[in-house]
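# Structural overview for review
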Amino acid sequence: MKIAVLGGDGFCGWPTSLHLSNLGHEVHIIDNLSRRWIDTELGVQSLTPMDSIQERCRIWKEVSGEQIHFHLIDLAKEYYRLRDWLAEEKPDAIVHFAEQRAAPYSMISERHKIYTVDNNINATHNLLVALVETDIDAHLLHLGTTGVYGYSTVGAPIPEGYLDVTIDTPTGPKGMEILYPTKPGSVYHMTKSLDQIMFQFYAQNDGLRITDLHQGIVWGTNTDQTKRHEQLINRFDYDGDYGTVLNRFLAQAAIGYPLTVHGTGGQTRAFIHIQDTVRCIELALRDAPESGDRVKIFNQMTETHRVRDLAELVAKITGAEIAYLPNPRKEAAENELIVKNEHFLDLGLNPVTLQEGLLEEVVEIAKKYAHRIDRSRVPAHSAWTKEIAHRVNHDPEGKHLKSVS
Ligand SMILES: NC(=O)c1ccc[n+]([C@@H]2O[C@H](COP(=O)([O-])OP(=O)(O)OC[C@H]3O[C@@H](n4cnc5c(N)ncnc54)[C@H](O)[C@@H]3O)[C@@H](O)[C@H]2O)c1
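Residues numbered from 1 in each chain as written. Predicted model: local features only at pLDDT ≥ 70, side-chain atom pairs only at ≥ 80, totals over all residues.

Just so we agree on the cut-off: UniProt positions are given in the numbering used here, feature names are shortened, and annotations may be inferred rather than shown by experiment.
The name given to the protein in an unreviewed UniProt entry is UDP-sulfoquinovose synthase, with Rhodovulum adriaticum as the source organism. Here the protein is described in UniProt, under the heading Pathway (unreviewed entry), as follows: "Bacterial outer membrane biogenesis; LPS O-antigen biosynthesis."

## Observations regarding the overall build of the protein
Using the following cut-off: Only DSSP runs of H or I covering at least 4 residues are called helices, and only runs of E covering at least 2 are called strands; the numbering of each starts at the N terminus. Taken over C-alpha atoms, the radius of gyration is set against a globule rule of 2.2 Å times the number of residues to the power 0.38. Three exposure classes are used. Buried residues have 20 or more other C-beta atoms within 10 Å of their own C-beta, exposed residues have 12 or fewer, and partly exposed residues fall in between, all C-beta atoms being placed from the backbone.
A count of helical and extended segments in the protein gives 13 helices and 14 strands. Taken against the 2.2 N^0.38 rule, which gives 22 Å for 405 residues, the C-alpha radius of gyration of the protein at 21 Å falls within 12% of a compact globule. Principal-axis analysis of the C-alpha atoms places the extent of the protein at approximately 65 × 60 × 40 Å. Burial statistics for the protein: of 405 residues in total, 47% are counted as buried.

## Examining the environment of L86
Put simply, the test is: Note on contacts: residues are paired as contacts if their backbone-placed C-beta atoms lie within 7 Å.
Structurally, the position occupied by L86 is in helix 4 (residues 79-89). C-alpha of L86 to C-alpha of E331: the two residues are 245 residues apart in sequence and 40 Å apart in space. Every residue in contact with L86, bar those within four places of it in the chain, is listed here: P91, A130, T134 and I136.

## Considerations on the sheet that holds strand 2 (residues 26-31)
Applied cut-off: DSSP calls a pair of strands paired once it identifies at least 2 bridges connecting them. Structural elements are reduced to axes, namely lines fitted to C-alpha atoms, with helices fitted over the stretch in contact, and the angle between N-to-C directions of any two is expressed from 0 to 180 degrees.
As summarised here, the arrangement of the seven strands in space is 3-2-1-4-5-8-12, forming an open sheet in which the pairing is parallel. Across the chains shown, the open sheet's two edge strands, defined by having one partner strand only, are strand 3 (68-72) and strand 12 (296-300). Within the sheet, the average angular offset between the axes of one strand and its neighbour, ignoring direction, is 20°. Across four bridges, strand 4 (residues 93-96) lies against strand 5 (residues 139-145) in parallel orientation.

## Re the sheet that holds strand 9 (residues 217-219)
Taken together, the three strands give an open sheet; going across it, the order is 9-11-13, and neighbouring strands pair in mixed fashion. Each of the sheet's edge strands pairs with one partner strand only, and the pair in question is strand 9 and strand 13 (303-306). On average, each strand axis in the sheet is inclined to that of its neighbour by 45°, with strand direction left out of account. By the bridge criterion, three bridges tie strand 9 to strand 11 (residues 268-273) in an arrangement that is parallel. Bridge assignment links W219 to a residue of strand 11, and that residue is H273. Along the sheet, helix 9 (residues 274-285) makes contact with strand 9 and strand 11, crossing strand 11 at roughly 75°. The strands touched by helix 10 (residues 307-318) are strand 11 and strand 13; relative to strand 13, the strand with the most contacts, the crossing angle is about 85°.

## Some thoughts on the UniProt feature "domain: NAD-dependent epimerase/dehydratase" (unreviewed entry) in the protein
Mapped onto this numbering, the UniProt entry gives "domain: NAD-dependent epimerase/dehydratase" (unreviewed entry) at residues 3-292. Structurally, residues 3-292 comprises 39% helix and 21% strand, and the distance from its first C-alpha atom to its last is 22 Å.

## Concerning the site of the ligand
Stated formally: Only the C-beta atom matters for this test: placed from the backbone, it must lie within 6 Å of a molecule or strand for the residue to be near it. Each residue is assigned to one class: nonpolar for Ala, Val, Leu, Ile, Met, Phe, Trp, Tyr, Cys and Pro, charged for Asp, Glu, Lys and Arg, and polar for all the others, Gly among them.
If you check the shell around the ligand, you find 28 residues, and the closest are G7, G10, C12, R101 and L143. Among the elements of the structure, helix 2 (34-42), helix 6 (110-134), strand 5 and strand 9 are those that each provide at least two residues to the shell around the ligand. Grouping the constituent residues of the shell around the ligand by class yields eleven nonpolar, ten polar and seven charged.

## Section: the packing of helix 6 against helix 7 (residues 187-206)
Condition: Roughly parallel refers to an angle under 35 degrees, roughly antiparallel to one over 145, roughly perpendicular to one between 65 and 115, and oblique to any angle outside these ranges. Rotating anticlockwise by less than a right angle from the far helix to the near helix defines a left-handed crossing, while the corresponding clockwise rotation defines a right-handed one.
Packing of helix 6 against helix 7 leaves a shortest axis separation of 10 Å and a crossing angle of 15°. With respect to helix 7, the axis of helix 6 lies roughly parallel. Where helix 6 crosses over helix 7, the handedness of that crossing is right-handed. Across the interface between the two elements, K113, T116, V117, N120, I121, T124, H125, L128 and V132 of helix 6 pack against V187, Y188, T191, L194, D195, M198, Y202 and D206 of helix 7. The residue makeup of the contact of helix 6 with helix 7, split by class, is nine nonpolar, five polar and three charged.

## Focus on the pairing of strand 8 (residues 209-215)
For strand 8, the buried fraction is high: seven of the seven residues fall into the buried class. Every second residue of strand 8 is oriented toward a common face, with R209, T211, L213 and Q215 on one face and I210, D212 and H214 on the other, all of them buried. Note: strand 8 against strand 12, five bridges, orientation parallel. For T211, the partnering residue across the bridge sits in strand 12 and is K296.

## So, unusual backbone geometry
At K90, a residue that is not glycine, the phi angle is positive and equals roughly 45°. Relative to the helices and strands, K90 resides in the loop between helix 4 and strand 4. Even without glycine at this site, D135 takes up a positive phi of about 60°. Tracing the backbone shows D135 in the loop between helix 6 and strand 5.

## Comments concerning helix 8 (residues 245-254)
For the α-helix, the turn length of 3.6 residues means that residues three or four positions removed from each other point alike. Burial analysis of helix 8 places ten of its ten residues in the buried class, the great majority of the element. The complete set of buried residues in helix 8 reads V245, L246, N247, R248, F249, L250, A251, Q252, A253 and A254. Packing partners of the buried residues in helix 8 comprise strand 9, strand 10 (259-262), strand 11, helix 10 and helix 12 (356-368).

## Brief notes about the nonpolar core
Rule in force here: Linking buried Ala, Val, Leu, Ile, Met, Phe, Trp, Tyr and Cys residues through C-beta atoms within 7 Å yields a set, and such a set is a nonpolar core.
Among the nonpolar cores identified, the biggest contains 88 residues, and L6, V95, F249, L250 and V314 are the most heavily contacted of them. In terms of residues, this core owes the most to one element, helix 8, which gives seven residues. Each residue touching V314, except ones within four places of it in the same chain, is listed here: F249, L250, A253, L259, A320 and L359. A103, M107, Y188 and Y242 belong to the second largest nonpolar core, which has eight residues in total.

If you want it as structure tokens, here you go:
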């Protein structure tokens, strides 16, 4: 297949591009490299040293013999270039990772809220319009998040996207299937919730073939392909804005920084290892909907964990201390979470679960590149409201702040 990977320079997009290329697909990365600019804006860098996207593609060609093509296009701002590219290249499938994906970044300031909405909504909508205009019938796979369901305790398993409800009508109760109600917990999650509505409209109005993958928090860094050469290494975000919870704990442990748990750590979240992310994309590509079908929604996660349990596990393996800090987010202090993921299990996913060996492997990578960590970037600074901003602890190490280099 010819596959366009939008956002293919990112944490999930790069290993997915390698995985699909390794399977023999013709892969085209489209990316505006905005994530690299955001690193510059925040004064932080990936823990792992990433080469330019052109250099990464060159090394992949050397290692595998396969060519990955790169196209610099801003999906949110360059509609006509995107449309013309699709019309010319006619990909069979499009994997859409290209959005601003950090909840804390989306809450930093009014500018960051506006940027996240402009970027994510326009990128997704431009893509949908371009698919309609070019008539190319590509299967669109979008990376959404389990966060669209919200994180309040429901007491029942969260289904895969749709909910059966009964409504009262004048002639008696009537069964209906609706999109599971969204409850976004940040501006970022709000954009992912809005994406769902756009997909529903374009699938029903224009017969677009869409799969929306509601992904859990991704952890780990290596996949079978990124391990093939040091310069194929994946991005690793450790900072308070972009570092996701488990990878952040592992990087903190590697540099002797306390594991920063927000609130009681009673938040339960869904997780998936990066190796399973790339495998899920492969499986979902093989299971495309037909034109006229409703949007397929899969929960792309393999397990759920409570944040304080993760911190305790990492502390046990590494000897790290745990620091319980005021929570910069507005969210339930404690929640239960049960998420169904039968679609992927039925398609043959054999989940990578949280084994100590894999956790240790991430700690080893973090130790190897510890000299690249700026300790002042480790804590989360972004507060969900002005009132919460007064409580945020900007310096959990206090007087003991020290450089690792
Ligand atoms: N990382 C996770 O834990 C996680 C969890 C759930 C869902 N997701 C979803 O998966 C997707 C990828 O996440 P990631 O962690 O790889 O993020 P990332 O920030 O590392 O990668 C996103 C890529 O998209 C590019 N991009 C952003 N806006 C663009 C635009 N307008 N035009 C072209 N390119 C653009 C960026 O430059 C970047 O390379 C996101 O949509 C995210 O919401 C990620």
